[in-house]
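The primary structure of each chain is shown beneath.
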Amino acid sequence: MMKRTLSVLVENRPGVLTRVAGLFSRRGYNIHSLAVGHTENPSISRMTIVVEGDAHIIEQVEKQLNKLIDVIKISDITDEPYVGRELVLIKVNAEPDVRGEIMQIVEIFRARIVDIARNSVIIEATGDEEKIDAIEASLKPFGIREMVRTGKIAMIRGAKTKGMEASGDGSAI
Amino acid sequence: MVQQSKERTGSQVLMEVFQNEGVEIVFGYPGGAVLPLYHELAKTDIKHVLVRHEQSAVHAASGYARISGKTGVCFATSGPGATNLVTGIATAYMDSVPVVIFTGQVPTFMVGSDAFQETDITGITIPITKHNYLVNNVEELPRIAKEAFYIAKTGRPGPVLVDIPKDVALAPCKAPIPEKIELRGYKPTYKGHPGQVRALAKLIKEAERPLLFVGGGVVASGAEDLVFELAEKIQVPVATSLTGLGAFPENHPLSVGMVGLHGKPCANHAFTECDLLIGLGVRFDDRVTGAIEKFAPQAKIAHLDIDPAEIGKNLRVDLPLVGDISSVLKELLPLVETSRHDAWLKRIKELRNKYPLTYGPGGEVRPQWVIERLGEMTRGQAIITTDVGQHQMWAALFYGYTKSRTYISSCGLGTMGYGLPAAIGAGLASKDMQVWLITGDGSFQMNMPELATAMEQGLPLKILLFNNQSLAMVRQLQHFYYEKQYTAIEFTGNPDFVRLAECYGAEGLRITKKEDVLPVLSQAMKNNRLTLIECLISEEEMVYPMVPPGAGLNEMIMPD
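Residues numbered from 1 in each chain as written. Chains lettered and ligands numbered in written order. Predicted model: local features only at pLDDT ≥ 70, side-chain atom pairs only at ≥ 80, totals over all residues. Heavy atoms only, no water.

Novice: Now, about the overall build of chain B: what can you tell me, with residues and values included?
Specialist: From N to C terminus, chain B includes 23 helices and 20 strands. Over its C-alpha atoms chain B spans a radius of gyration of 24 Å, differing by no more than 12% from the 24 Å that the globule rule assigns to 560 residues. The dimensions of chain B, computed from C-alpha atoms along their principal axes, are 70 × 60 × 45 Å. Expressed as a percentage of its 560 residues, the buried residues of chain B come to 61%. A separation of at least 24 residues holds for 75% of the contacts in chain B among residues at least 6 apart in sequence. Of the roughly 21200 Å² that chain B leaves accessible, carbon and sulfur atoms contribute 52%. Separation of charge centres in chain B, based on 52 positive and 60 negative side chains, amounts to 5 Å. (Helix = DSSP H or I, 4+ residues; strand = E, 2+ residues; numbered from the N terminus. Rg over C-alpha atoms; globule rule 2.2 N^0.38 Å. Buried < 20%, exposed > 50% of the residue type's maximum accessible area, 1.4 Å probe, protein only. Contact = heavy atoms within 4.5 Å. Areas by Shrake-Rupley, 256 points an atom, 1.4 Å probe, with all protein chains shown as cover. Lys, Arg positive; Asp, Glu negative; His and termini not counted. Charge placed at Lys NZ, Arg CZ, Asp CG, Glu CD.)

So this is what it looks like as structure tokens:
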């Protein structure tokens, strides 16, 4: 099984997320993560989907997604140079005697403390999946009370775009 | 004519779209939320066929579409009206039949409140429609209605559902019907990749034992004549899938007939022995391939289809070719040389003689024999619709299809109850061909009330009902795979079908012995009114050949 990152442009319409998510569940494909938001063109949203499967499954995922009328374009960017980022919020136990140690970890990962209570803090971190996994592992010994991850969003490096033809009136696609 | 800026209601917009699309018939069933549509439909010259259950509206529209080549249209109301459509929609989806369904919905301000007769029909039908819409704003309706017809008919055809809240149907609309369709996420590929077409020509040239495998995509594309031309030019055998029956004439010397778990023995052996298999508009579904690792073991496989997702879905393909079959074959034909495959055709002849299609010994009236006689008497020129069960397979194997669009059946979903409403749709679409429904007592009773619809429409349908007072395809499965423990298959309270026909005002005839068969069939053919023939057969009849689970196509169980 491998993980592939798909960058999918879709019509920004109600129900599109249901169509995409439903397709994955009914055909038995595994979504590792899915992040969605509108693009520079408000009529178009971008989904960044990390999917697990062998080459045959990934090919089917792309083809089946392509059949959805509301899906405009699919790019498998896994093998291209791209920036992939995830955001995480972690609420971790932080009694006064361990706060210094936690702040050091935050420093090392270039994360931030965004909320503080009597015996806990909320830490915000961004980075690729490995970094997020690492900060989670580092904080685990203190006791993680709650964690929220956004799932990966991604963009091709350099001047090249993936479906950025979507800018302007969108008719160029 | 399209009134570009004149204000009219949503329902009136829909009627304009219907006129533009050439809609002749709407199959449907009214109810509160869809009445605005019916109110306007009544003012047009479009015929409405009132069915007895919404499922039948879709089946009838499907039968109509498959015979006419046009798009079928249905109406149903919200809630139960809409949910009753579901089996019909799924049936059309699996067989890629173009149908556009309009459902009424509760008014927009009530949507989401669990109002009376409210159901989320767009949510329910996402997996069984090619696309669907909930129209929230009447200004979007002109575009959506036009798109719905476009999507249903283009690319790989399929059902499209448009859910219209009652207030949207009644609201004034200023938006014009767009001149052009602009769907940036929907661009079907019609033209085959020239390099792949050349590669296919090369494969054909190199092959010693090529086999053409013709499916429903050939019919949808109207490519029957081109397939015929190709087969004759390169002199290779032609097999069909269930949906492809009739797309290549079965009385042609190159025809080997239907392949699959109940395929003709010669066809199944040909698949096992060929060295190049060219799939044309087929899906290679599990009922065709049998055990996938034993399927066409010696063959390179070329797969032509308009739906890229079908290629490589079920089996490895050596040469994928996405495109419309007609368009691809037009490109291919000039690239292939006239050739002969005498040794291969000789082998096919041997296979045909060695493994004939037989049905073994049995009781007095054999359904296979009756269907063979019907094929002879109608000279293969009638439209046959079927339900699902043993009779469906006998009808596929023993009739002898010589014309495209003459075998109409629920091939993919296997929907019992499809046949009668489909026959109604077929009867309304066909001006000059006799329409026969071949059915069984199980399937027939699923949508039997549509007899009344057929009578109302004045359709002289012929119904050949094989009555064994049981669900004998299920019995067959229990016979082979469940220790002959026959469970839940016996009908002890069946009606008298002859009198049933009579009580609908139709004619009822009965076949109880072999000598009845020819006179009864010929009387039914002469009748100019709906005629139901009840043909009593044994529940011990089996469908042969039969490929058991895990076996290859050549490992068939044959009759004793």
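Novice: Can you tell me about the interface of chain B and chain A, naming the residues and giving the values?
Specialist: Each partner contributes residues to the interface: chain B has 19 residues there, and chain A has 23 residues. Buried surface at the junction of chain B and chain A, both sides included, amounts to about 1700 Å², of which 47% is carbon and sulfur. Contact with chain A buries area across many residues of chain B, yet B:I126, B:H131 and B:R184 alone supply 39% of it, more than any other trio. Inspection of the region where chain B meets chain A yields two salt bridges. Note that B:R184 and A:E11 form a salt bridge whose closest N and O atoms lie 2.7 Å from each other. At the junction of chain B with chain A, the criterion picks out nine residue pairs in polar contact (both at pLDDT 80 or more). Those elements that provide at least two residues to the side of chain B that touches chain A are β6 (131-134) and α7 (141-153) of chain B. Class assignment of the residues belonging to the side of chain B that touches chain A gives a composition of eight nonpolar, four polar and seven charged. (Buried area = accessible area lost by both parts, 1.4 Å probe. Salt bridge = Lys/Arg side-chain N within 4 Å of Asp/Glu carboxyl O. Polar contact = N/O pair within 3.5 Å; in protein donor to acceptor, adjacent residues only side chain to side chain. Nonpolar A, V, L, I, M, F, W, Y, C, P; charged D, E, K, R; others polar.)

Novice: So what about the confidence of the model for chain A? Which residues, and what values?
Specialist: On average, chain A scores 91 in pLDDT, and the residues at 70 or more come to 93%. Low pLDDT (under 50) marks residues 166-173 of chain A, which in the prediction has 17 contacts with non-local residues, meaning those over four places away or in another chain. (pLDDT = per-residue confidence, 0-100.)

Novice: For the packing of helix α1 (residues 10-21) of chain B against α7(B), give the residues involved together with the corresponding values.
Specialist: Residues and elements named next belong to chain B. Where α1 meets α7, the closest approach of the two axes is 9 Å, and the angle between their N-to-C directions is 35°. In this structure, the crossing between α1 and α7 has a hand that is right-handed. Of α7, the residues touching α1 (which contributes G10, V13, L14, V17, F18 and E21) are L141, P142, A145, K146 and F149. Looking at the contact of α1 with α7, its residues break down into eight nonpolar, one polar and two charged. (Axes fitted to C-alpha atoms, helices over the stretch in contact; angles between N-to-C directions. Left-handed = near helix turned anticlockwise from the far one by under 90°.)

Novice: Would you mind going over the pattern of salt bridges in detail, with residue names and values included?
Specialist: With the rule as written, the count across this model stands at 43 salt bridges over all chains. In this structure, B:E16 and B:R8 form a salt bridge, with 3.0 Å as the shortest nitrogen-oxygen distance. For the pair B:E16 and B:R8, one class covers both residues: buried. Three or more residues are tied together by salt bridges with common partners; here these are A:K67, B:R156, B:D307, B:E310 and B:K313.

Novice: Can you break down the sheet that holds strand β5 (residues 99-105) of chain B residue by residue, with the values?
Specialist: All names here are of chain B. If you walk across this open sheet you meet the six strands as β3-β2-β4-β5-β7-β6, and the pairing is parallel. With one partner strand each, in any of the chains shown, β3 (47-50) and β6 form the two edges of the open sheet. When strand polarity is set aside, the average angle formed by the axes of neighbouring strands in this sheet is 20°. Note: strand β2 (residues 25-28) against strand β4 (residues 72-76), two bridges, orientation parallel. Across the sheet, G28 pairs through a bridge with F75, a residue of β4. In the packing of helix α3 (residues 54-68) onto the sheet, the strands contacted are β2, β4 and β5, and the crossing angle to β4 comes to about 170°. Along the sheet face, α7 touches β4, β5, β6 and β7 (160-165) and points at about 160° away from the line of β7. (Pairing = 2+ DSSP bridges.)

Novice: I'd love a proper account of unusual backbone geometry, names of residues and values included.
Specialist: All names here are of chain B. The step from Y544 to P545 runs through a cis peptide bond, and the omega angle for that step is 0°. Within the fold, P545 resides in the segment after β20 (531-536). Located in the positive-phi region is S96, a residue other than glycine, with phi close to 55°. Of note, S96 is situated in the loop between α5 (86-94) and β5. Classification of S96 as buried rests on a relative accessible area of 16%. Backbone geometry at F284 places phi at a positive 50°, although glycine is not the residue there. Relative to the helices and strands, F284 is located in the loop between β12 (276-280) and α13 (286-289).

Novice: With reference to specific residues and values, describe the state of the cysteines.
Specialist: This structure, assessed with the given rule, holds zero disulfides over all chains. Left unpaired, B:C266 is separated from the closest cysteine sulfur, that of B:C274, by 12 Å. (Disulfide = S-S within 2.5 Å.)

Novice: Could you give an account of the pairing of β12(B), naming the residues involved and the relevant values?
Specialist: All names here are of chain B. In terms of burial, β12 is largely enclosed, as five of its five residues are buried. The alternating pattern of β12 places L276, I278 and L280 on one face and L277 and G279 on the opposite face, and all of these are buried. Here strand β9 (residues 210-214) pairs with β12 via five bridges, running parallel. Following the sheet pairing, P210 is matched in β12 by L276. Of the pairings in the sheet, the one linking β12 to strand β13 (residues 300-305) comprises five bridges and is parallel in character. Looking at β13, one finds that L277 is bridged to I301.

Novice: Lay out α5(B) in plain terms, naming residues and giving numbers.
Specialist: Residues and elements named next belong to chain B. Every buried residue of α5 is accounted for by G88, I89, A90, T91 and A92. Against α3, β5, α6 (121-125) and β7 lie the buried residues of α5. Count one or two residues on from α5 and you reach S96, which has phi positive near 55°.

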